[in-house]
Amino acid sequence: MRILHTSDWHIGKRLSDRERLPEQAEALDEIAEICEKESVELVLVAGDVFDTFTPPAEAEELFYTKIKKIAGEDRAVVIVSGNHDDGVRLSAAAPFAGEAGVYLFGNKPKRIFLEKNRKIRAVAAGDFYILFENDKGEKVYINALPYPNEASLKEEKSEESYVERISRRIVRGEEGYEEGIPYILLTHLFVAGGKCSESERDIDLGGARAVPPSLFPKNAYVALGHLHRSQKMAENVFYSGSLLQYSFDEANTEKSVRILETEGDKVKTDKVIPLQSGKKLVRPECNGAEEALKLLGSYKNNFVELTLNLDAPLTSQETQALKDACEGLIFIVPRVKTGEATPVFIRARLGAGELFNEYYRFKFGEKPKSGLTEKFLSLLEEEA
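Quantities reported herein were computed from a predicted structural model and do not represent experimental measurements.

**A closer look at the sheet that holds strand 2 (residues 42-45)**
Part 1: The strand order 4-3-2-1-14-15 describes an open sheet built from 6 strands, whose pairing is mixed. Edge positions in the open sheet fall to strand 4 (102-105) and strand 15 (266-274), since each of these has one partner strand only. Averaged over all neighbouring strand pairs, the angle between strand axes comes to 20°, with direction disregarded.
Part 2: Here 4 bridges tie strand 2 to strand 3 (residues 76-80), and the two strands are oriented parallel to one another.

Listed below in structure tokens is the structure:
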């Protein structure tokens, strides 16, 4: 069976004040084309479909239009909610989405529609698992574990550690599993050692919400979402990465999808296919505004963060000239030469935890007490 692993679409996400819905639409069309070319039967989306809990109507319309195209006439799509998604809202359509081959898993269990007329069909399902079979009789078992948000964790009223709770949830998703069937754990988690990007929230909460790779079942392919860089965390444990470059520290990273294939009772990566859609982010560096004006002309189809080495601050006329030279210029980072070296903090690049720590030092003249930053980040996530 041919399977595609993708994640972190963040439909509706902007870059500063720039709209990116057209790029997201283009990238989702590209995924649909890859599915056709690679004879993909099952698509796995590992969370963060949207960028906010309450996405704008345009973002929701884009999602429903493109997910129908990706599913096509006979393909199946399984989606788990991420930390940016409202899991309840995302899975509200689950009772009838299955008729179109789309299976949605949020934090609240929903009735799963077992479609019998498609070439690949759901033949069994529970609150957090689904079993597929194609016309050749090939099967694959999906343990669907949505992002365990703060609200769902509080409902459990348990004294277990975060890792213990995740372990228990993984076991719960195995209740319909039978040995000999290829097994995929589809989830949205932060795995210890993963490399983050600037566009991601302070998701590790100081390490309190990191899970070790050893937590995952040894007999499963683990299809992860959460981190925006494609990366391998352990044997058969992978992040697919985000749909587009969403922050400037991803300027030199390639976006891609993973094509998987079942072989006996195993699931293995067949290939990684780069995504070509969307504007690329670049970080050029120049000496002076005049040099920058010449360089910016070659970046008209990019989003740009320009670092300028200067002898004196930019004038308003120079700043405007730079903006006029390149529509995609998002940030100008000036480095003015002084007699002594002083650290420059660019607040746009600081995460929520770092901003909180800086504010606390400014307000109280000392570092936050142990655990205070983690509590702040927990509250921030709960309110998101």
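Moving on from the coordinates now.
**Observations regarding the sheet that holds strand 13 (residues 237-239)**
Part 1: Pairing is mixed across the open sheet formed by 7 strands, whose spatial order is 5-6-7-8-11-13-12. Each having just a single partner strand, strand 5 (120-126) and strand 12 (231-234) make up the two edges of the open sheet. With direction set aside, neighbouring strand axes in the sheet form an average angle of 25°.

**Structural notes on unusual backbone geometry**
Part 1: In the Ramachandran plot, His10 falls in the positive-phi region, its phi being about 50° despite a non-glycine side chain.
Part 2: Residue placement: His10 occurs in the loop between strand 1 (2-6) and helix 1 (21-37).
Part 3: On the basis of relative accessibility, which here comes to 1%, the residue His10 falls in the buried class.
Part 4: Despite not being glycine, Asp48 has its phi angle at roughly 55°, a positive value.
Part 5: Within the fold, Asp48 resides in the loop between strand 2 and helix 2 (57-71).

**Let's talk about the nonpolar core**
Part 1: In terms of nonpolar packing, the biggest core is built from 37 residues, with Trp9, Ile11, Ile31 and Ile79 touching the most fellow members.
Part 2: Looking at this core, the elements that each hand over two or more residues are helix 1, strand 2, helix 2, strand 3, helix 4 (94-97), strand 4 and strand 14 (256-263).
Part 3: Not counting residues up to four positions away in its chain, the partners in contact with Ile31 are Leu4, Thr6, Trp9, Ile70, Leu243, Val257 and Leu275.
Part 4: Ranked by size, the runner-up nonpolar core spans 25 residues in total, among them Ile3, Ile184, Phe238 and Leu260.

**Notes on helix 2**
Part 1: If you check helix 2, its first and last C-alpha atoms are 21 Å apart, about what 15 residues at 1.5 Å a residue would give, namely 21 Å.
Part 2: Turning to helix 2, the residues buried within the fold contact helix 1, strand 2, strand 3, helix 3 (87-90) and strand 4.
Part 3: Following helix 2 by one or two positions, Gly72 adopts a phi angle in the positive range, close to 60°.

**Observations regarding the packing of aromatic side chains**
Part 1: This model, assessed by the stated rule, comprises 9 aromatic pairs.
Part 2: Seen in terms of ring centroids, Tyr221 and Phe238 are 5.8 Å apart; in terms of plane orientation they differ by 20°. Their pairing is stacked. Of this pair, Tyr221 sits in strand 11 (residues 220-225) while Phe238 sits in strand 13, and the two are 17 residues apart along the sequence.
Part 3: Using a relative accessible area of 9% as the deciding quantity, one classes Phe238 as buried.
Part 4: Plain terms: the ring middles of Phe248 and Phe331 are 5.9 Å apart, the flat faces sit at 70° to each other, and that makes the pair edge-to-face.

**Some details on the packing of helix 1 against helix 2**
Part 1: Remark: helix 1 packs on helix 2, axes separated minimally by 9 Å, with the N-to-C direction vectors making an angle of 10°. In terms of orientation, helix 1 and helix 2 fall into the roughly parallel class. Facing Leu21, Gln24, Ala25, Leu28, Asp29, Ile31, Ala32 and Cys35 of helix 1, the residues of helix 2 in contact are Glu58, Ala59, Leu62, Lys66, Lys69 and Ile70.
Part 2: Residues of the contact of helix 1 with helix 2, tallied by class, amount to 9 nonpolar, 1 polar and 4 charged.

**A short note on the pairing of strand 2**
Part 1: What you see with strand 2 is no split at all: Leu42 and Leu44 on one side and Val43 and Val45 on the other are buried throughout.
Part 2: One ladder, built from 4 bridges, connects strand 1 with strand 2; its direction is parallel. Each residue of the ladder has a partner; that of Ile3, found in strand 2, is Leu42.
Part 3: In terms of handedness, the path from strand 1 via helix 1 over to strand 2 forms a crossover that is right-handed.
Part 4: In this region the chain leaves strand 2, passes through helix 2 and returns to the parallel neighbour strand 3; the handedness of that crossover is right-handed.

**A short note on the pairing of strand 4**
Part 1: Alternating residues of strand 4 divide into Val102 and Leu104 and Tyr103 and Phe105, and every residue in both groups is buried.
Part 2: When strand 3 meets strand 4, the two strands line up parallel, connected through 4 bridges. Across the sheet, Ile79 pairs through a bridge with Leu104, a residue of strand 4.

**What to know about the pattern of salt bridges**
Part 1: Evaluated as defined, the whole model comprises 21 salt bridges.
Part 2: Between Arg2 and Glu261 there is a salt bridge whose closest N-O contact spans 3.5 Å. Within this pair, whereas Arg2 is found in strand 1, its partner Glu261 is found in strand 14, the two being separated by 259 residues in sequence.
Part 3: The partner of Arg20 in a salt bridge is Glu23, with the nearest N and O atoms 2.9 Å apart.

Conventions and cut-offs
- Residues numbered from 1 in each chain as written.
- Predicted model: local features only at pLDDT ≥ 70, side-chain atom pairs only at ≥ 80, totals over all residues.
- Heavy atoms only, no water.
- Pairing = 2+ DSSP bridges.
- Helix = DSSP H or I, 4+ residues; strand = E, 2+ residues; numbered from the N terminus.
- Axes fitted to C-alpha atoms, helices over the stretch in contact; angles between N-to-C directions.
- Buried < 20%, exposed > 50% of the residue type's maximum accessible area, 1.4 Å probe, protein only.
- Core = buried A, V, L, I, M, F, W, Y, C linked by side-chain atoms within 4.5 Å.
- Contact = heavy atoms within 4.5 Å.
- Expected span 1.5 Å × (residues − 1).
- Phe/Tyr/Trp six-rings, centres within 6.5 Å; stacked < 30°, edge-to-face > 60°.
- Parallel < 35°, antiparallel > 145°, perpendicular 65-115°, else oblique.
- Nonpolar A, V, L, I, M, F, W, Y, C, P; charged D, E, K, R; others polar.
- Right-handed = clockwise from strand over helix to strand, strands pointing away.
- Salt bridge = Lys/Arg side-chain N within 4 Å of Asp/Glu carboxyl O.

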